[in-house]
Amino acid sequence: MNLCHIVGAGDFHPSLIQRTEGDLIIAADAGFAALKEAGITPQVYIGDGDSLGFVPQAETVKDDTDTLAALRWALENGWRHFRLYGALGGKRPSHSLANIQLLSFLKERGAEGIILDPRCKMELLERETRRFESQSGYFSLFALE
């Protein structure tokens, strides 16, 4: 299974990305700078440069958040398994909330997404049964409905 890794402008730790050959890396706006600093070159950049400060050679998309625009592009190009990095934290709490909502957006389209952060892992389950093994730290489960 190939993964589409999308890096946004929030808190990003490159050690979380476990990529294999055939995976795709998309920079969503300022995620481009975070990837560059980590020595990772994204195959695709989507954004308008408002958080980055400049626009790399790429199509400008702004009807959606940069991460949603990246997801739409990837879905249109056949990707169905996503890992989102830099999706939490950062300067704008509204982006964290919007990124959490994206998990529902993906589920509605038959895709799966996981937000990965050094502090947590978030995924959306819908009418599914899942077994969670005991891990160190905390486990939280929230109902959206």
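Provided above is the structure to which this section pertains.
As the structure is a prediction and not an experimental result, all values here were calculated from the model. (Residues numbered from 1 in each chain as written. Predicted model: local features only at pLDDT ≥ 70, side-chain atom pairs only at ≥ 80, totals over all residues. Heavy atoms only, no water.)

Enquirer: Lay out the overall build of the protein chain with the relevant residues and their values.
Expert: Each helix and strand in the protein chain was counted, giving 3 helices and 6 strands. Each helix (α) and strand (β) of the protein chain, taken in turn from the N terminus, gives the series β-β-α-β-α-β-α-β-β. The C-alpha radius of gyration computed for the protein chain amounts to 15 Å, which stays within 12% of the reference 15 Å derived for 145 residues, consistent with globular compactness. The principal-axis extents of the C-alpha atoms in the protein chain amount to approximately 45 × 35 × 30 Å. Burial status across the protein chain gives 41% buried among its 145 residues. Of the roughly 9,200 Å² that the protein chain leaves accessible, carbon and sulfur atoms contribute 49%. Positive and negative charge centroids in the protein chain, built from 15 and 20 side chains respectively, lie 3 Å apart. (Helix = DSSP H or I, 4+ residues; strand = E, 2+ residues; numbered from the N terminus. Rg over C-alpha atoms; globule rule 2.2 N^0.38 Å. Buried < 20%, exposed > 50% of the residue type's maximum accessible area, 1.4 Å probe, protein only. Areas by Shrake-Rupley, 256 points an atom, 1.4 Å probe, with all protein chains shown as cover. Lys, Arg positive; Asp, Glu negative; His and termini not counted. Charge placed at Lys NZ, Arg CZ, Asp CG, Glu CD.)

Enquirer: Account for the side chain of Ser96, with residues named and values stated.
Expert: In this fold, Ser96 is placed in helix H3 (residues 93–108). The class of Ser96 is buried, set by a relative accessible area of 13%. What Ser96 contacts, discounting residues up to four positions off in sequence, is Ala87, Leu88 and Gly89. (Contact = heavy atoms within 4.5 Å.)

Enquirer: Quick one: what's the story with the side chain of Thr67, residue by residue and with numbers?
Expert: By the element assignment, Thr67 lies in helix H2 (residues 66–76). A residue is classified by how much of its surface remains accessible, and Thr67, at 11% relative accessible area, is buried. The residues contacting Thr67, other than those within four sequence positions of it, are Ile6, Ala28, Leu84, Asn99 and Leu102.

Enquirer: Tell me about the environment of Lys91, residues and numbers included.
Expert: On the secondary structure map, Lys91 appears in the loop between strand S4 (81–85) and H3. Once the C-alpha coordinates of Lys91 and Ser136 are considered, the two residues, 45 residues apart in sequence, prove to be 29 Å apart.

Enquirer: An account of the nonpolar core is requested, with residue identities and associated values reported.
Expert: By size, the foremost hydrophobic cluster in this structure holds 25 residues, and its most contacted members are Cys4, Ile6, Ile26, Leu71, Phe82, Phe105 and Leu106. Listed by contribution, the elements that provide at least two residues to this core are strand S1 (4–7), strand S2 (24–28), strand S3 (44–46), H2, S4 and H3. Looking at this core element by element, the count peaks at 6 residues for H2. Apart from residues lying up to four places away in sequence, Leu71 is in contact with Ile6, Phe82, Leu84, Leu102, Phe105 and Leu106. (Core = buried A, V, L, I, M, F, W, Y, C linked by side-chain atoms within 4.5 Å.)

Enquirer: Any chance you could break down a nonpolar patch on the surface for me, citing the residues and the numbers?
Expert: Together, Phe132, Phe139 and Leu141 line one region of the surface with nonpolar side chains, adding up to about 350 Å² of accessible area. As for its position among the elements, Phe132 is in the segment after strand S6 (121–123). (Patch = residues over 30% accessible without salt bridge, like charges linked within 9 Å, V, L, I, M, F, W, Y side chains within 5 Å. Salt bridge = Lys/Arg side-chain N within 4 Å of Asp/Glu carboxyl O.)

Enquirer: I'd like to hear about the pairing of S1, residue by residue, with values.
Expert: Residues Cys4 and Ile6 of S1 are buried on one face, and the alternating residues His5 and Val7, pointing to the opposite face, are buried as well. Bridge analysis of S1 against S2 gives 4 bridges, and the strand direction is parallel. What sits directly across from Cys4, in S2, is Leu24. Where S1 meets S4, 4 bridges bridge the pair, whose relative direction is parallel. Bridging from a neighbouring strand, His5 pairs with Arg83 of S4. (Pairing = 2+ DSSP bridges.)

Enquirer: Please provide a residue-by-residue account of the pairing of S2, values included.
Expert: The buried fraction of S2 is high, at 5 of 5 residues. Residues Leu24, Ile26 and Ala28 point to one face of S2 and Ile25 and Ala27 to the other, with burial holding for every one of them. Here S2 runs beside S3; their pairing, made up of 3 bridges, is parallel. For Ala28, the partnering residue across the bridge sits in S3 and is Ile46. You can see the chain leave S2, run along helix H1 (residues 31–37) and come back into S3, and the turn it takes is right-handed. (Right-handed = clockwise from strand over helix to strand, strands pointing away.)

Purely geometric numbers; function is a separate question.
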